[in-house]
Amino acid sequence: MHTADTDTYDVLVIGGGPAGLSAALNLGRSLMRVLVVDADRPRNAATLNSHGFLTRDGVAPHELRRMARDELAAYPNIEVRTRVRVLDLSTADSGFTASIGRKDPTDVVAARSVLLATGLRETLPDVPNLRGFYGISLFSCAACDAWELRGRRLALIGETPDLADRARLISRWTENLTVFTLGADTVTADQEAELVSVGVAVMRHPISELVGDRGRIEAIRLVDGAVVEVDGGFVRPEWETDLSFLRGFTPAVDHDGHLVTDRSGRTDVPGLYAAGDAAIPGPQQLIVAAGAGARVASVMVQDAVGIATAH
């Protein structure tokens with residue numbers, strides 16, 4: 001472990017969600033000098049409660065991050081900087097150099113390796129007043145939130161090619177599901193026939209208004225005047241990995257923009273790793289992201305001492 005140069009870290013972790021914080025904890029416990037840089041703008045900021053995280057089912061995501069940061073504070077070799085971001089990341093002879101700040105660089109640090117745990121930028125469907133219901137009665141993750149909505153009248157709102165597949169998944173929790181395609185031709189006639197055969201309705205007109213009060217949705221009004229009563233539901237956002245801060249190199253991404261890694265979290269750039277939502281397959285439950293962070297941390301430690309691990 002290198003400690004003489006206070007500006008050089010063994011690992012720079014970019015992103016302070018479950019993947020990044022879990023990785024930092026495990027790296028720190030392996031005597032790595034770790035810097036976590038977190039812009040503190042999580043994708044799940046609108047979510048009141050997270051689910052499926054063993055021993056923490058129902059905890060608010062911001063509370064989960066607070067507890068994690070408190071745990072990291074017990075390790076003198078782990079530093080966490082919040083409400084700043086990595087403005088530029090470039091390769092160097094001994095690893096990477098990062099400029100850190102808000103709008104302008106306030107610090108430059110060096111790191112032998114980097115973990116990208118930046119998550120994703122989320123774009124919701126273009127539906128009037130959708131933000132007022134998102135995270136309260138409309139959600140994006142069925143595995144995370146469908147239990148609380150089981151057996152109710154649900155909506156699925158989106159315009160991506162996987163909408164029919166998502167409808168089949170959500171129909172596991174309800175026998176009263178309506179898919180709203182917003183006028184997009186993303187559910188084929190064959191797919192609609194299959195959905196209808198299992199009791200799922202498909203509405204193809206754009207939405208003019210979501211009806212409800214204080215985040216609790218009650219109905220969806222379409223531009224043709226039709227009104228569908230619902231008690232909750234799901235939206236299918238579009239996600240984007242932000243790699244705009246990388247300078248002089250670009251790791252491989254798949255057709256959806258997620259970082260391509262081997263099964264151990266290595267990208268095709270030496271010394272650069274990825275974990276969590278930013279990497280294939282994309283958005284996952286918090287506990288899955290945390291597990292991915294722990295797994296990649298183990299690989300980074302073994303790589304640092306030259307122990308061969310699976311590719």
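Provided above is the structure to which this section pertains.
Residues numbered from 1 in each chain as written. Predicted model: local features only at pLDDT ≥ 70, side-chain atom pairs only at ≥ 80, totals over all residues. Heavy atoms only, no water.

### Here we look at the sheet that holds strand 14 (residues 227-229)
Picture the strands of a sheet paired through backbone hydrogen bonds; they go either parallel or antiparallel.
In step 1: Spatially, three strands are ordered 12-13-14 in an open sheet, and the strand pairing comes out antiparallel. The outermost strands of the open sheet, each flanked by one partner alone, are strand 12 (207-213) and strand 14. With strand direction ignored, the average angle separating the axes of adjacent strands in the sheet is 25 degrees.
In step 2: Relative to strand 14, strand 13 (residues 216-222) is paired through three bridges, and the arrangement is antiparallel. Residue pairing in the sheet places Arg221 in a bridge with Val227 of strand 14. (Pairing = 2+ DSSP bridges. Helix = DSSP H or I, 4+ residues; strand = E, 2+ residues; numbered from the N terminus. Axes fitted to C-alpha atoms, helices over the stretch in contact; angles between N-to-C directions.)

### Some details on the sheet that holds strand 15 (residues 232-235)
In step 1: Strands sit in the order 8-15-9-10-11 across an open sheet of five strands; the sheet is parallel. Either end of the sheet is taken by a strand with one partner, and the two such strands are strand 8 (138-139) and strand 11 (200-203).
In step 2: Pairing between strand 9 (residues 154-157) and strand 15: four bridges, direction parallel. From the neighbouring strand, Leu154 faces strand 15, where its bridge partner is Gly232.
In step 3: Sitting on the sheet, helix 4 (residues 163-170) is in contact with strand 9, strand 10 (177-180) and strand 15, with an inclination near 160 degrees to strand 9. (Contact = heavy atoms within 4.5 Å.)

### Remarks on the pairing of strand 10
In step 1: The two faces of strand 10 match: Leu177 and Val179 on one face and Thr178 and Phe180 on the other face are all buried.
In step 2: Relative to strand 10, strand 9 runs parallel, the two sharing four bridges. Within the sheet, the bridge partner assigned to Ala155 lies in strand 10 and is Thr178.
In step 3: Each parallel crossover has a hand, and the one from strand 9 via helix 4 to strand 10 is right-handed.
In step 4: In this sheet, strand 11 lies alongside strand 10 in parallel orientation, the contact comprising four bridges. Bridge assignment links Leu177 to a residue of strand 11, and that residue is Val200.
In step 5: Between the parallel elements strand 10 and strand 11, the chain passes through helix 5 (residues 189-197) in a crossover that is right-handed. (Buried < 20%, exposed > 50% of the residue type's maximum accessible area, 1.4 Å probe, protein only. Right-handed = clockwise from strand over helix to strand, strands pointing away.)

### Some thoughts on the state of the cysteines
Should the sulfur atoms of two cysteines be covalently bonded, the bond is a disulfide.
In step 1: Across all of its chains, the model carries one disulfide by this definition.
In step 2: Residue Cys141 pairs covalently with Cys144 via a disulfide, S to S 2.3 Å. Its torsion about the S-S bond being 70 degrees, the disulfide of Cys141 and Cys144 is classed as right-handed. (Disulfide = S-S within 2.5 Å.)

### As for the packing of aromatic side chains
In step 1: Taken as a whole and judged by the stated rule, the model has two aromatic pairs.
In step 2: Ring geometry for Phe96 and Phe249: centres 6.1 Å apart, planes at 55 degrees, overall tilted. Linking Phe96 in strand 5 (residues 95-101) with Phe249 in the loop between strand 17 (246-247) and strand 18 (272-274), this pair joins segments that are 153 residues apart in sequence.
In step 3: On the accessibility criterion, Phe96 (3% relative accessible area) is buried.
In step 4: Since its relative accessible area comes to 11%, Phe249 is described here as buried.
In step 5: Plain terms: the ring middles of Phe139 and Phe234 are 6.4 Å apart, the flat faces sit at 55 degrees to each other, and that makes the pair tilted. Remark: Phe234 occurs in strand 15 and Phe139 occurs in strand 8; sequence separation between them is 95 residues. Each of the two residues, Phe139 as well as Phe234, counts as buried.
In step 6: If you follow Arg33 out to its NZ or CZ, it ends over the ring of Tyr9, 4.1 Å from the centre.
In step 7: For Arg150, the ring lying beneath its charged end belongs to Trp147, and the centroid distance is 3.8 Å. (Phe/Tyr/Trp six-rings, centres within 6.5 Å; stacked < 30°, edge-to-face > 60°. Lys NZ or Arg CZ within 6 Å of the ring centre and 35° of its normal.)

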